[in-house]
Amino acid sequence: MDNPIGDDVRSGRANVRLGLFDADMDDATLVLLRVENDGSQSIDRDDYTGPEPHGLTAVFTDRTIRGVSVTQPTDIDHLMDHFTAQRGFGYEGNRLRIPRVPLNPGDHYKLLVLLSGGDVGAEIRLRGGIRDGEVHPNRSATPDDKAPVFTLPARIFTGLLTLSVLGLAGIVVFRDGNPIECERGGLTVIGSTAFEPVISTLAKSYERKCAGAEISVETRGSEAGVAELAALADRSKSRARSVIAFSDGPLGDRLGLKGKKVALSVFTLVVNDGLDLGPDGLTVTQVRDIYKGRYKRWGEVLRGADKATADLPVVLVSRSDSSGTRQAFQDRVLGQWEQAQSTSLDCRPPKGTVTAVTRCELAGTSDVLDKVAGQPGALGYSELSVAARHEGVRTVPLDGDRADVDEIERGDSAYPYRDIEYAYTYGTAADDTLTSGFLAYLDEESSRQVIRTQGHLPCGTPVGLKLCAGARS
C-alpha cells in the first residue's frame, strides 16, 4: 500500500486527517520504502552496476516528491553516512536517487517519502542494477498480521510498498514493517539431524532479529523427535505447544500432530573416498541387493574391479530406525526395510574370512559421514549438502542420475532419494507465540535463501510448491 494523507477523493474515498497539515496537502501521499539485503552474502558499493554516482532510482509516476526521511536500525548507524549529496542522495520531480548503500545480510534501511499529485497506487518503478542480479517488483509472500512499529511519522501514516532488488547473493527487499513478525518466549526445536544446519542457522538469525526470543535446537533424529513431541503432548499440552519437531518425510499425522511442508530435501548414498564407483555410481537394483546382505566384498558388486577394490569388504554404515533419512532411503530407494542384520558396534569388518556383510547403526548424520570417511569400503547415506562438504567421502549417483538439487529443480533428473522436510507442532500454533512466529519465519525470503543455500528446495517457491505437492503423505 501507499497511503493518502490528503482529503482529495480521487483514490476512491475521502481521507480522514488529524494534526498539523499545510493547506496545500489535499492531494498528498506517503510511501514507505524498506530496503533489505535478504540474501546470504553481502552487497558492496561496487556491486551496483549503474554509471551514476547513486545506485538506484525510484520513479513515482504522476507524483512529485516533497520530502524524504531516512531511518535505520540502531545497530547499523554507519548506513546513514552514505546518504549524502556527494554520494548521489537527492530527488528531483518524481525521481528519488538512492545511494550505493553496502548491506550485509539482514541489513536494512527505510525511506519515508512525502509526495503530492497523482493517485494512490500509481505505478512506482525502481531502476538500477546489481551485479549478477536483477531489479524487479515483488510483494511479500507473508504479509504481517499486526500493524508494524515505525517511527512516529510512520505510525501516523503507515504505508506499504513492496519492491525487491535481487542482488549478488540474495534479494534486497523494499517493504513496510519488520522483515519478520517478532515474538518473545522460549521454543525448543527437535527432530531431524539432516535438517539441523538449516534449523540452527535460522534459529540464530531469528534470535538476532527478535529480542526476547530464545530457541533451543536439540536434534536426535526425525522419528525420535516426533515421538518425543507426541509423548510431551500427552503429559503437558502447554509445554508441547512450545516445541517444533522436524522430520525427513511424514511421520506425525498418525500421532495427531499438525505438519507443515517446509522444503524438499535431497539425500545421497556416500562411499569412502578410496572407493571409485565411476560416473554412473550404482543401480537401484545393486543397492537393493547390497542392503539385502547378498554381497560381502566389493568385487561381487563391481565386476572387473581391480584387486585392491575387489578385496574390500562391504561395510554398511546405517542410521538407527528412528532416523527420517533412513526412512526416506527405505521408502524411496529400497522399497522395503534394510534386510541385512546389524553385526557390528564399531562398523569394522571382522578379521580373516568374511562370512556376512558388516553393518552398523549410528545415531546422527555427522556420525555416519565420519565413519564412512574413516572406513575403507564403507557405504552409507546422508543429506546431500552435508555430505558434499564432508572430507573423505564421495556421493554416489543412482541409475546414472546424480544427487543434484539444480537438476531436480529444472525437472532434468529422476533421482529418487529425496523427500519432504516437515515441521510438526501439537495442533495449530496460536497467534502471537514464538512457535507461530518461527513457523512464519520459515516462509520469509531470507529463510528461503538459507534453505536453498543449504541444498534444499523451499516448498514456498513456485517450483517448490509443485515438487512438494507431489510428495508422499
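We now turn to the structure provided with this report. Residue positions are given per chain, counting from 1 as you read along its sequence in written order. The model is predicted, so local features are restricted to residues of pLDDT at least 70 and side-chain atom pairs to those at 80 or more, both for listing and for counting; the totals for chains, interfaces and linings are taken over all residues. Note: side-chain values were computed over all heavy atoms of the structure, leaving out hydrogens and water.

## Things to note about the overall build of the chain
Note the threshold: To qualify as a helix, a DSSP run of H or I must reach at least 4 residues; to qualify as a strand, a run of E must reach at least 2; elements of each kind are numbered from the N terminus. Buried, partly exposed and exposed residues are distinguished by accessible area as a fraction of the type maximum, computed with a 1.4 Å probe on protein chains only: under 20%, between the cut-offs, and over 50%, respectively. The contact criterion used throughout is that any non-hydrogen atoms of two residues lie within 4.5 Å.
Scanning the chain from N- to C-terminus turns up 13 helices and 21 strands. In the chain, which comprises 473 residues, the share counted as buried stands at 53%. Restricting the contact set of the chain to residue pairs at least 6 apart, pairs at least 24 apart contribute 77%.

## So, the nonpolar core
In plain terms, the rule: As used in this record, nonpolar core signifies buried Ala, Val, Leu, Ile, Met, Phe, Trp, Tyr and Cys residues forming a set joined through side-chain atoms within 4.5 Å.
Residues Ile 290, Tyr 291 and Trp 298 are the most contacted members of the largest nonpolar core, which totals 53 residues. Counting residues per element, the ones that place at least two in this core are α3 (222–235), β14 (243–248), β15 (258–272), α5 (284–291), α7 (324–334), β18 (378–383), α10 (405–410) and β20 (418–425). Residues contacting Trp 298, with those up to four places away along its chain left out, are Leu 275, Leu 277, Leu 282, Ile 290, Thr 309, Ala 310, Leu 312, Pro 313, Val 314, Gly 377 and Leu 379.

## Thoughts on unusual backbone geometry
For residues that are not glycine, phi is negative in most cases, and the peptide bond is trans in most cases. One non-glycine residue, Asp 399, adopts positive backbone phi at about 55°. Along the chain, the position of Asp 399 falls in the loop between β19 (393–396) and α10. Using a relative accessible area of 48% as the deciding quantity, one classes Asp 399 as partly exposed. Notably, Asp 432 is not glycine yet its phi reads approximately 65°, a positive angle. Turning to its location among the elements, Asp 432 is positioned in the loop between β20 and α11 (434–441). Asp 432 sits in the exposed class, given a relative accessible area of 52%.

## Considering the packing of aromatic side chains
Any pair of aromatic rings gets described here by the distance separating the centres and the angle formed by the planes. For the record, the criterion: A pair of aromatic rings is counted whenever rings of Phe, Tyr or Trp (Trp by its six-membered ring) have centres within 6.5 Å, and the orientation is called stacked for planes under 30 degrees apart, edge-to-face for over 60 and tilted otherwise.
Scanning the entire structure with this criterion turns up twelve aromatic pairs. Seen in terms of ring centroids, Tyr 422 and Tyr 424 are 5.7 Å apart; in terms of plane orientation they differ by 15°. Their pairing is stacked. Pair check on accessibility: Tyr 422 and Tyr 424 agree, each one buried. An aromatic cluster is present here, built from Phe 267, Tyr 291, Phe 329, Tyr 381 and Tyr 417 joined pairwise through their rings.

## Quick word on the pairing of β14
Here is the rule: Whether two strands pair depends on DSSP finding at least two bridges between them.
Taken across its six residues, β14 has six buried, putting it largely inside the fold. Residues Val 243, Ala 245 and Ser 247 line one face of β14 and the alternating positions Ile 244, Phe 246 and Asp 248 line the opposite face, and both faces are buried. Direction of pairing for strand β12 (residues 185–191) relative to β14: parallel, over a ladder of four bridges. What sits directly across from Thr 188, in β14, is Val 243. Note: β14 against β20, four bridges, orientation antiparallel. Bridge assignment links Ala 245 to a residue of β20, and that residue is Tyr 424.

## Details of the state of the cysteines
Quick reminder of the rule: In plain terms, two cysteine sulfur atoms within 2.5 Å form what is called a disulfide here.
Summed over the entire model, instances satisfying the criterion amount to three disulfides. Here Cys 182 is linked by a disulfide to Cys 210, with a sulfur-sulfur distance of 2.1 Å. Judged by the sign of its S-S torsion, about -70°, the bond between Cys 182 and Cys 210 is left-handed. Here Cys 182, found in the loop between β11 (171–174) and β12, pairs with Cys 210, found in the loop between α2 (196–209) and β13 (213–219); they are 28 residues apart in sequence, far enough to count as distant. Looking at Cys 182, the relative accessible area reads 31%, which means it is partly exposed. Classification of Cys 210 by relative accessible area gives buried; the value is 1%. The disulfide partner of Cys 459 is Cys 468, and the S-S distance across this bridge is 2.0 Å. Because the torsion about its S-S bond is -80°, the bridge between Cys 459 and Cys 468 counts as left-handed.

## What to know about the pattern of salt bridges
For the record, the criterion: The term salt bridge refers to a side-chain nitrogen of Lys or Arg lying within 4 Å of a carboxyl oxygen of Asp or Glu.
This model, assessed by the stated rule, comprises 20 salt bridges. Here Asp 443 ties to Lys 260 by a salt bridge, and the two come within 2.9 Å at their closest N and O atoms. With Asp 443 in the loop between α11 and α12 (445–453) and Lys 260 in strand β15, this pair connects stretches of sequence that are 183 residues apart. According to the relative accessible area criterion, Asp 443 is partly exposed, its value standing at 21%. On the basis of relative accessibility, which here comes to 24%, the residue Lys 260 falls in the partly exposed class.

## Some thoughts on the environment of Leu 103
Examined against the element boundaries, Leu 103 turns out to sit in the loop between β6 (95–98) and β7 (108–116). Take Leu 103: its relative accessible area is 0%, and that puts it in the buried class. The spatial distance from the C-alpha of Leu 103 to the C-alpha of Gly 39 is 9.9 Å, given a sequence separation of 64 residues.

On their own, these measurements won't tell you what the molecule is for.
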